[in-house]
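Listed below, chain by chain, are the residues.
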Amino acid sequence: MSKIIVLMGAPGAGKGTQARLLQDRLHLPQISTGDMFRALANEKTALAEEVQNLQAAGKLISDELVIKVVRERTAREDCRNGYILDGFPRTTVQAEMLEGLALDQGHQIVAIFVDVPFELLEKRATGRRICPVCGEIYNIYFRPPAADNVCDHHPDATLVQRPDDTSEKIRVRVETYEQQTKPLLDYYEKAGRLHRVDGTGDKEAIYRYIEKIVNSES
Ligand code: AP5
Ligand code: MG
């Protein structure tokens, strides 16, 4: 059966890193709600401004808007054989919406929790640098690019930092996660769909573990 791979985890846990590997190797689209909303940054509408303020503050965007965006994005042709959700669902309302969507679309939900202890998250997020061209994710402590602050694949691209990757914002994001998203682990556990993965090891080792889980679900 086709699958919706739901990557869950705290800010900086490695959801995006693993989602990109899954996308490249399983040929399923990565749908990152965070990236989709960040892409609005250049638009000058009131909605884009509201989204940007919420993201910068580390607060969640309204369920209504997020659900609308996910519904539209997953209706596209490239999602027909399944897709990877990175950063969605984040609330019970979003999780309930996803149940209905999976039923309608004929996909099976596989929830994967990438578990990283709090102490590591700050370094992961403050050290993160991203290529503005291809979205490749680096880390000055754990995965530095070959040349300082330049993407390995785009020598002309200077890596960028997300405005919500300061120590102060990370604390708020982790708090938001603890209050609103962590309870979803129970939700998926009770549904018998939750797989826990140790997110502290090497990214390729974590990937292999995740791929095994995905392939073992039929
Ligand atoms: P979003 O973009 O989803 O951010 P997040 O959940 O805070 O997660 P991050 O992207 O920070 O971390 P990640 O787990 O992807 O880690 P990564 O792989 O980059 O959301 C941002 C905002 O958008 C929210 O605050 C909210 O405002 C809004 N939003 C989004 N979705 C929403 C929703 N559904 N509802 C409402 N609002 C929503 O890795 C982090 C770093 O660690 C990198 O530097 C990486 O190189 C490094 N790293 C990764 N894996 C490893 C490893 N195994 N070993 C060493 N380093 C590693
Ligand atoms: Mg991410």
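Since the structure is predicted, the reported quantities are computational estimates derived from the model, not experimental observations.

1. Some words on the sheet that holds strand 2 (residues 30–32)
- If you walk across this open sheet you meet the 5 strands as 2-3-1-4-7, and the pairing is parallel. Every interior strand has two partners, whereas the edge strands, strand 2 and strand 7 (194–198), have only one. The sheet shows a mean angle of 25 degrees between the axes of neighbouring strands, direction not considered.
- Inspection of the sheet shows strand 1 (residues 3–8) paired to strand 4 (residues 108–115) by 6 bridges, in the parallel sense. Along strand 4, the bridge assignment pairs Ile4 with Ile109.
- In this fold helix 1 (residues 15–26) packs onto strand 1, strand 2 and strand 3 (82–86), with an angle of close to 155 degrees to the strand it touches most, strand 1.

2. Quick notes on the side chain of Gln108
- Mapping Gln108 onto the fold places it in strand 4.
- Not counting the four nearest positions on each side in its chain, Gln108 is found in contact with Met1, Ser2, Lys3, Ile4, Glu217 and Ser218.

3. Some thoughts on helix 6 (residues 118–126)
- Looking only at helix 6, the buried set comprises Leu121, Arg124, Ala125 and Thr126.
- Buried residues belonging to helix 6 abut strand 5 (128–130), strand 6 (137–139) and helix 7 (167–181).

Parameters and conventions
Residues numbered from 1 in each chain as written. Chains lettered and ligands numbered in written order. Predicted model: local features only at pLDDT ≥ 70, side-chain atom pairs only at ≥ 80, totals over all residues. Heavy atoms only, no water. Pairing = 2+ DSSP bridges. Helix = DSSP H or I, 4+ residues; strand = E, 2+ residues; numbered from the N terminus. Axes fitted to C-alpha atoms, helices over the stretch in contact; angles between N-to-C directions. Contact = heavy atoms within 4.5 Å. Buried < 20%, exposed > 50% of the residue type's maximum accessible area, 1.4 Å probe, protein only.

Limitation: the analysis is restricted to geometry and does not speak to function.
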